[in-house]
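Below, each chain spelled out in residue letters.
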Amino acid sequence: MGVDFENFGLGLAVGWASAYGIYRVRHQISQALQATQNQAQSAQNYATRSADGRYINDLIGIFETTHLAGQFVKLSDILVEPQFLSAPPAAAPQDEDDVVHSVFHIVPKVPDHPYLHAVYNLETLSIGDLATGDHALALLGLPGSGRTTALLSIAMYSLGQLRFLEAEDKIQRNLDEEEAALSDKERADRVKERALIEERARERLKDEHGISFDHVGQEQTKGAGGNLFNRLMPVYVHLANVNIDPAEFGSEIDPAEPLIRAMQSQVGRVTASTLPRNLYNRLNDGEALLLIDGLDELSQSEQNEKIIWLRQFMSQYASNFFIIAGSAQGYGALLELGFAPVFLRPWDDLMTETAITRWAEAWPHIAGKGRRSAAPPAPELIDRIRSNNRALSPTDLSLKIWSSLGDDAQVPGYEGWLRACIARHLPKDQPIDSILPRLAQAAALQLEEGFITADRLEALAAGSGDTADIAAMLNSMESDDTETEEDPQKAAKGKEDTASVYAKLLTMLRRTGLIVEYRNGRYQFRHSFIAAYLASLLLKDQAYVVEKALDSNWNQAFAYATLHTSVDEAVKARLSAPKDILHNNMLELARWLSYAGTKATWNGGLLKQLGAMLIAPNQYPLTRERVAAALIGTRDKKTLFVFRQAARNANPQVRILACLGMGAIGENEATKDLSALLNDQVIDVQLAAGMGLGAIGTDEALEDMVIALTEGSEQLRQAIAEALAANPVEGHPILFDAITHEDMMLRRAAAFGLRRLKSIWSVTALYRAFLEDEQWYVRSAAQQAFQDIQGYEQRGPRNYPTPQELDWLSAWAAKRGEGIPSGEGGVQLLINALQEAEPDVRALSAQILGQTGQLGAAKALYNALRDRQEEVRSSAHRALSDLELQSGKPLPALN
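Residues numbered from 1 in each chain as written. Predicted model: local features only at pLDDT ≥ 70, side-chain atom pairs only at ≥ 80, totals over all residues. Heavy atoms only, no water.

Draft legend 1. The overall build of the protein chain, seen in detail. A tally of regular secondary structure across the protein chain gives 44 helices and 8 strands. For the protein chain, the share of sequence-separated contacts (at least 6 apart) that also reach a separation of at least 24 residues comes to 72%. If you sum the accessible surface of the protein chain, you get close to 38,500 Å²; carbon and sulfur atoms cover 49% of it. (Helix = DSSP H or I, 4+ residues; strand = E, 2+ residues; numbered from the N terminus. Contact = heavy atoms within 4.5 Å. Areas by Shrake-Rupley, 256 points an atom, 1.4 Å probe, with all protein chains shown as cover.)

In structure tokens:
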């Protein structure tokens, strides 16, 4: 079967152009009304912020430069719109009456190994969606995933400073061109038709379902939509700048004072003098958007101190909006403070393409000299950059793009990208190999203690002879740099002691942008991956390898060490260490493989072990999911063989993960395997096969998807349609045609796909289907899609419920003649239910104990691993995994 995807479905039926216009004017009117409201609100805000004008300007300067290439290009010029994933929903009985079922429940979301779910079209949240949830959010992700960039994006979004690049929509372009050829009268007639159709849609929802929307398509709920952020003043702070030492403030202080002083240290002198009164006013009025960064970059003891301060601060200023960045492991303390978890979405292929496009567009300015722009990058170079990007973190990809465009990597691959990045932040003509050893000790200090100081560097260097070498190096740089900063008192004395040598070194590195200075003379490398690479150079000493093998602070440094050093002893130490519930020691080795490549002697053995764990007969479902996700993170092509073998396994869950894994790898070679599984007897395997084909996205895969869309089961058609929604070039034209196809089931599936687009033409098509389709089954799907797009559901992240808010627990307690006590009594009732209730309630109790981080229930959950019901055992294991993920501390696995 051959499919012309460029032209498939693009023939317009009579009257379609009119239908297209129905939503267009709504969009324009909505924008106009919103712009007017925003202007009025902005005028009010800026009037009250008149004293804050300098503050806003200072903030924008910080936001535009606090990123990987901040000294070379503005963040807004290369920014990819961040997207977010909600945490798994609270455990609840399955709603059998739900008309619309999610097909993506089969895709496991593994936050600390995110590259399996990255390629699939999961439901995501936008920055605006975050504003509709709880007002305390924990933004979680791995180092290098873009958490700081996401915070900065939210801040600039709140100030109206961002416009995100959208993929070209060929269908809309064609329709726009057709409409442009119409007469003024014809366009006016369409305006009337558009307004009438939308009004009819609203009236039907109101009459039949009691759902009411205002005139800009938002539910009539105070604070609905993303506008809340536009009414708040952003406050971005790194916790390293928040000093809560009683020596500075005394024992009795307002908890906002350390925050305000931290903000003063980040802005200009004049701004700092007017900041306190204005910021206090905002905090007292609940008008601050507090964006808090750097928690996991502190030592554990300092993290604990900042959590205590944050609890006090949030208690006193609870009416403000809080977003704090945290790690994908060890975020339990944030949940205890009331933060709702939300995870940063890993980049999919479209986001990767956007990043490459934006870098390419900005490159003439980045590489230019003075006012003269450089030449645009050659198309063939861009094509090379586009290849082999699956399972790269945003940081990895940015380094690759930058090095490829600049052609300044001295060695190929990751190490060349890293060294080129460091070299760009060093004085010109300074040989990088001469300074890297000097920086490695500073990087190790950051990994061990959280910060670098001149005094600690001096103490570590005592007797090593390094001080004289560094002084000579700095003196040679001073001869070419008259702006080198120096302590004037020491200069006056003419004394070159060791403290000034290391102070000078840190000052030089700060000025070049390699490190950042925080209050009280503390420094960090601007990006944690730079510190990790530099510290990895110390691992050339094998004694260091053995000493640090199991130290979690050194995990990324070991990953980078595989680029240049044998880490066989560390691998042996990890594989022989006691196993934990999450199998972290082994699965982190899988990520090391993405850097080590095939040259690692332990490559084959590790892949064999992971493959065996994936298909082991008595394996916990969550362990299978984590292993599959870790295999994708290896970026090793041999994992395709592992998944192809698993696709023939008798266990349906193994086949599901095999399909998703083959799709995530993206090799066309797997298309035949996936196509065969479209006819699997288990519907979820069919769904996974369809999604896997969508992730591969070649013409051959798309042909098989089109056949499944027209001939497959109902759920498979929905999965195919939603997968096609992620493919603007080939997928959108197919959905365009399918929504008007004579086959009722094809139209229903198309409604699910169009729901994911929210473009003008797709919403217009859904209006039509909701109001005019002759089949109720199609209208019901279009109605649900229409409600979702209109904003009927508030999509923002929510914290997990308390025991008192669980209807199923209340029902179980009522059968026993009990109520649900507050506090610890409610948790104990959950534990009782885990031990005494019927199997479905036992499973729910286990899940919610894990989701809400009840470490005190660990013993009961371990006991539940011996439950006679497999569902309960799996839920208990998943709950213990949640507890380990949140606490960041290993919990022992039971063999």
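Draft legend 2. Main features of the packing of aromatic side chains. Scanning the model with the defined rule gives 19 aromatic pairs in all. Measuring from ring centre to ring centre gives 6.1 Å for Tyr331 and Phe343, while their planes differ by 85°; the resulting arrangement is edge-to-face. Linking Tyr331 in the loop between strand E5 (321-327) and helix H13 (332-336) with Phe343 in strand E6 (residues 340-344), this pair joins segments that are 12 residues apart in sequence. Note on accessibility: Tyr331 and Phe343 belong to one class, buried. Grouping aromatic residues by their ring pairs yields a cluster made of Tyr414, Trp417, Tyr533, Tyr560 and Tyr595. Over the aromatic face of Trp402 sits the side chain of Arg424, whose NZ or CZ is 4.0 Å from the ring centroid. Arg522 extends its terminal NZ or CZ atom over the ring of Phe451, reaching a point 3.8 Å from the ring centre. (Phe/Tyr/Trp six-rings, centres within 6.5 Å; stacked < 30°, edge-to-face > 60°. Buried < 20%, exposed > 50% of the residue type's maximum accessible area, 1.4 Å probe, protein only. Lys NZ or Arg CZ within 6 Å of the ring centre and 35° of its normal.)

Draft legend 3. Seen up close, the side chain of Asn389. Secondary-structure assignment places Asn389 in the loop between helix H15 (379-385) and helix H16 (394-406). By relative accessible area, which is 9% here, Asn389 ends up buried. When near neighbours in sequence (up to four residues on either side) are disregarded, Asn389 contacts Thr352, Ile356, Leu397, Lys400 and Arg635.

Draft legend 4. Region of the structure containing the packing of helix H27 (residues 584-596) against helix H29 (residues 621-633). The contact between H27 and H29 brings their axes to 7 Å, and the two run at 20°. With respect to H29, the element H27 is oriented roughly parallel. Contacts between H27 and H29 involve Asn584, Leu587, Ala590, Arg591 and Ser594 from the first element and Arg626, Val627, Ala630 and Gly633 from the second. The residue inventory of the contact of H27 with H29, partitioned by class, reads 4 nonpolar, 3 polar and 2 charged. (Axes fitted to C-alpha atoms, helices over the stretch in contact; angles between N-to-C directions. Parallel < 35°, antiparallel > 145°, perpendicular 65-115°, else oblique. Nonpolar A, V, L, I, M, F, W, Y, C, P; charged D, E, K, R; others polar.)

Draft legend 5. Spotlight on the pairing of strand E7 (residues 515-518). Here E7 runs beside strand E8 (residues 522-525); their pairing, made up of 4 bridges, is antiparallel. Pairing of Tyr518 across the sheet is with Arg522, part of E8. Linking E7 to E8, which pair antiparallel, is a turn of 3 residues; within it Asn520 sits at a positive phi near 65°. (Pairing = 2+ DSSP bridges.)

Draft legend 6. Region of interest: the sheet that holds strand E2 (residues 136-141). With mixed pairing, 6 strands are arranged side by side in an open sheet as E1-E6-E2-E5-E4-E3. With partners counted over all chains shown, the strands left at the sheet margins are strand E1 (84-86) and strand E3 (233-238), one partner each. Sheet twist, expressed as the average angle between the axes of neighbouring strands with direction ignored, equals 25°. Two elements, E3 and strand E4 (residues 288-293), share 6 bridges in a ladder whose sense is parallel. In the strand pairing of E4, Pro234 is matched with Leu289.

Draft legend 7. Fine view of helix H14 (residues 349-367). Between its first and last C-alpha atoms H14 spans 26 Å; for 19 residues at 1.5 Å apiece the expected length is 27 Å, and the two agree. The sharpest bend along H14 measures roughly 40° and falls at Glu361, with the proline Pro364 sitting one to four residues further on. Taken residue by residue, H14 has Met351, Thr352, Thr354, Ala355, Ile356, Arg358, Trp359, Ala360, Ala362, Trp363, Pro364 and Ile366 as its buried positions. Residues of H14 that are buried in the fold lie against helix H3 (75-78), H15 and H16. Its side-chain oxygen placed 3.2 Å from the backbone nitrogen of Leu350, Asp348 serves as the N-cap of H14. (Expected span 1.5 Å × (residues − 1). Bend = angle between axes of the 7 residues up to and from the residue. Polar contact = N/O pair within 3.5 Å; in protein donor to acceptor, adjacent residues only side chain to side chain.)

Draft legend 8. Highlighting the nonpolar core. Core analysis: the biggest nonpolar cluster contains 256 residues, and Phe84, Phe229, Ile323, Phe339, Phe525, Leu534 and Met691 have the highest contact counts within it. Among the elements that make up this core, the one with the highest residue count is helix H18 (residues 432-449) (10 residues). Not counting the four nearest positions on each side in its chain, Phe525 is found in contact with Leu439, Ala442, Ala443, Gln446, Ile452, Leu514, Ile515, Ile530, Ala531 and Leu534. Among the nonpolar cores identified, the runner-up in size contains 34 residues, and Val841, Leu865, Ala879 and Leu891 belong to it. (Core = buried A, V, L, I, M, F, W, Y, C linked by side-chain atoms within 4.5 Å.)

Draft legend 9. Summary view of the pairing of E4. Of all 6 residues making up E4, 6 are buried, and the element is well covered by its neighbours. Burial along E4 is two-sided: the residues Ala288, Leu290 and Ile292 and Leu289, Leu291 and Asp293 are all buried. With 4 bridges joining them, E4 and E5 adopt parallel strand pairing. For Ile292, the partnering residue across the bridge sits in E5 and is Ile324. At this point the chain moves from E4, through helix H12 (residues 300-316), to the parallel E5, and the crossover so formed is right-handed. (Right-handed = clockwise from strand over helix to strand, strands pointing away.)

Draft legend 10. Up close: unusual backbone geometry. Phi at Asn388 is positive, roughly 60°, even though this residue is not glycine. As for its position among the elements, Asn388 is in the loop between H15 and H16. Judged by its relative accessible area of 48%, Asn388 falls in the partly exposed class. Its identity as a non-glycine residue notwithstanding, Asn520 has a phi of 65°, on the positive side. In this structure, Asn520 sits in the loop between E7 and E8.

Keep in mind these numbers describe shape, not what the thing actually does.
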